[in-house]
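Coordinate inspection notes
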Amino acid sequence: MMLKNTEARYGIIAIVIHWLTALIVIGLFALGWWMLTLTYYDEWYRLGPWWHKSFGITLLGITVLRVLWTLFNTKPKPIGSKLERLGAKAGHLLLYLLLFTVMISGFLISTADGSSISVFGLFPVPAIITDLPSQADIAGEVHWYSAVALLILAGGHALASLKHHFINKDSTLIRMFGKTKRK
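Before going into details, it helps to say that this report is about the structure given with it. (Residues numbered from 1 in each chain as written. Predicted model: local features only at pLDDT ≥ 70, side-chain atom pairs only at ≥ 80, totals over all residues. Heavy atoms only, no water.)

What follows covers the overall build of the chain. Across its full length, the chain carries five helices and two strands. Order of helices (α) and strands (β) in the chain, N terminus to C terminus: α-α-α-β-β-α-α. Taking the principal axes of the C-alpha coordinates as reference, the chain spans close to 55 × 30 × 30 Å. Contacts in the chain between residues at least 24 apart in sequence constitute 68% of all its contacts with a sequence separation of at least 6. Carbon together with sulfur atoms contributes 71% to the accessible area of the chain, which is approximately 11,600 Å² in total. A distance of 22 Å separates the average location of the 17 positive side-chain charges in the chain from that of its 9 negative side-chain charges. (Helix = DSSP H or I, 4+ residues; strand = E, 2+ residues; numbered from the N terminus. Contact = heavy atoms within 4.5 Å. Areas by Shrake-Rupley, 256 points an atom, 1.4 Å probe, with all protein chains shown as cover. Lys, Arg positive; Asp, Glu negative; His and termini not counted. Charge placed at Lys NZ, Arg CZ, Asp CG, Glu CD.)

Okay, the packing of aromatic side chains next. Summed over the entire model, instances satisfying the criterion amount to 12 aromatic pairs. Ring centres of F29 and W33 lie 5.6 Å apart, and the angle between their planes is 70°; this geometry places the pair in the edge-to-face category. Pair noted here: F29 and W33 are both in helix α1 (residues 12-35), with a separation of four residues, about one helical turn. Centre to centre, the rings of W33 and W144 are 5.8 Å apart; their planes meet at 75°, and the pair counts as edge-to-face. Linking W33 in helix α1 with W144 in helix α4 (residues 135-168), this pair joins segments that are 111 residues apart in sequence. Ring pairing ties together the aromatic residues W50, W51, F55 and F120, which thus form one cluster. (Phe/Tyr/Trp six-rings, centres within 6.5 Å; stacked < 30°, edge-to-face > 60°.)

Its 34 residues give α4 an end-to-end C-alpha distance of 46 Å, which sits within 8% of 50 Å, the value for a rise of 1.5 Å per residue. Residues of α4 that are buried include every one of Q135, A139, H143, S146, A147, L150, S161, H164 and H165, and no others. Residues of α4 that are buried sit in contact with α1, α2 (44-71), α3 (82-110) and α5 (172-175). At the exit of α4 stands K169, carrying a positive phi of roughly 55°. (Expected span 1.5 Å × (residues − 1). Buried < 20%, exposed > 50% of the residue type's maximum accessible area, 1.4 Å probe, protein only.)

All right, on to the layout of surface pockets then. Approximately 1,600 Å³ is the volume attributed to the largest pocket. Of all the secondary-structure elements, those providing two or more residues to the lining of the largest pocket are α1, α2, α3, α4 and α5. A total of 12 residues in the lining of the largest pocket trace back to one element, the largest contributor, which is α4. A per-class count over the lining of the largest pocket returns 27 nonpolar, 14 polar and seven charged. Forming the boundary of the second largest pocket are 29 residues, of which G32, M35, H52, I109 and H143 lie nearest the centre. Sorting the residues of the lining of the second largest pocket by element identifies α1, α2, α3 and α4 as the ones contributing at least two each. At eight residues, α2 tops the list of elements feeding residues into the lining of the second largest pocket. Of the residues contributing to the lining of the second largest pocket, the split by class is 21 nonpolar, seven polar and one charged. (1 Å grid on protein atoms, 1.4 Å probe; cavity = no way out; pocket = protein on both sides within 12 Å on 5 of 7 lines; lining within 4 Å. Points joined across faces, edges and corners; volume = space filled by probe spheres on them. Nonpolar A, V, L, I, M, F, W, Y, C, P; charged D, E, K, R; others polar.)

Here's what the structure looks like:
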C-alpha cells in the first residue's frame, strides 16, 4: 500500500486518518452522552471529561493534519453522477465544518474559566478566549447540537458509501480500504 493518494485510490495516510477520525468521533459522542448521566460523586465525573478533552484535542490535531494532507495531496477521482459528486463535495465540506464547530465549541466550554486543557497529562493547551458573555453555556449548546448533527451526517456518509457499494456496485467504499477494484 502506498503512502500517498493516487487518482484511483486513497493512500495509507488518508485511510488511517479517515478511520481514526471516525472511531474518535463515535467514541467522543458516546462518552459525552454517557457523561451527561454521571453524578458529582461518581468516580468518572472528573475522569470522563479528562478523557473527552484529551481525545478532543487529539482529534483537532488529526483534523488539521487531514485538511493539510487533503490540500497538498492528490484526491482520487470522484465516482457517481454529477449530482452524487456535488452531494459528496457538499457533505464533506459540512463534515469538516461540523468537526471544527464541535471541537472549537468544546474548547470554549473547557477553557471558559481560564484553565488550560491537559492532554493525557502530557502537555497543557492554554485558554485563549475566556471573556465572552455566557461562554460556557452558549458553547455548550453549540457543542451538543453540532455534535448531534455531525453524528447524523456521518451516518448519512456511511449509508451513502454502502449505497455505492451494494446498489451502484462501484469502488467508492473499497477505495477507503486501499483497494481500487471490486472483486
